[in-house]
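# Observations on the model geometry
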Amino acid sequence: MLKKIGIAVAVLIVVLLAMPAMLPGTVHVERSAQINVPPGAAYALLSDFNHFTKWSPWYEIDPGVKTEVTGQGVGSVYAWEGQQTGRGSMTITGLESNQRVDVKLAFVEPWQSEADCKWIITEDGAGSKVTWAFDQNLPYMMRYFGLTMDKMLGADFERGLAKLKGVLEN
């Protein structure tokens, strides 16, 4: 009986260790919102981390989070440390005036990882379409999280874009 249990446990471990090889090694999450302001207004807010807490979907989850913004433009950094949100930073790596903001995310706690994020702004009628995109290479054992990332992070992006819309349109 113990031998059968041991074999079953060994098979389970092998399956759990082998499964990530069959899962995607990258994750992409993207959401968009129509905002009734010109692209320049959206770009001004998105390209300046001093405004991030006004529309961040995570600030309401962890209102006691400590944040610090250093610099302006390419190379500026938004760092955070909170009970619920962990610790990390965002660094602006590229800007295209009134069109795009590229960001490198560095998560430190509760686990270390990096990702690329961008806000793409396009003219859409009398307003703008803002797209928030996230791309990450997943370490082997983290590939399981890739299966739920679109649903979880996508909901945060939708809340953030709704808040961004409210800030910009009011």
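Relevant structure appears above.
Residues numbered from 1 in each chain as written. Predicted model: local features only at pLDDT ≥ 70, side-chain atom pairs only at ≥ 80, totals over all residues. Heavy atoms only, no water.

### Let's talk about the packing of aromatic side chains
For the structure on display, the rule yields 11 aromatic pairs. Ring geometry for Phe52 versus Trp119: centroids 6.5 Å apart, planes at 45°, classification tilted. One end of the pair, Phe52, is in helix H3 (residues 52-55); the other, Trp119, is in strand E6 (residues 113-124), and 67 residues separate them in sequence. Classification of Phe52 as buried rests on a relative accessible area of 4%. (Phe/Tyr/Trp six-rings, centres within 6.5 Å; stacked < 30°, edge-to-face > 60°. Helix = DSSP H or I, 4+ residues; strand = E, 2+ residues; numbered from the N terminus. Buried < 20%, exposed > 50% of the residue type's maximum accessible area, 1.4 Å probe, protein only.)

### Observations concerning the pairing of strand E3 (residues 77-82)
Residues Tyr78, Trp80 and Gly82 line the buried face of E3, whereas the alternating positions Val77, Ala79 and Glu81 sit on a face that is not buried. Sheet analysis places strand E2 (residues 66-70) next to E3, joined by 5 bridges and oriented antiparallel. Within E3, the position partnered with Glu68 by the bridge is Ala79. Joining the antiparallel neighbours E2 and E3 is a turn of 6 residues, in which Gly71 adopts a positive phi near 80°. When E3 meets strand E4 (residues 86-96), the two strands line up antiparallel, connected through 6 bridges. Across the sheet, residue Ala79 finds its bridge partner in E4, namely Ser89. (Pairing = 2+ DSSP bridges.)

### Details of the sheet that holds E2
In spatial order, the strands read E1-E7-E6-E5-E4-E3-E2; together these 7 strands make up an open sheet with antiparallel pairing. Taken across any chain shown, the strands that pair with only one partner, and hence form the sheet edges, are strand E1 (26-35) and E2. Strand after strand, the sheet turns through a mean of 15° between neighbouring axes, direction not considered. Taken strand by strand, helix H2 (residues 39-46) contacts E4, strand E5 (100-109), E6 and strand E7 (127-137), and its axis lies near 160° from that of E6. (Axes fitted to C-alpha atoms, helices over the stretch in contact; angles between N-to-C directions. Contact = heavy atoms within 4.5 Å.)

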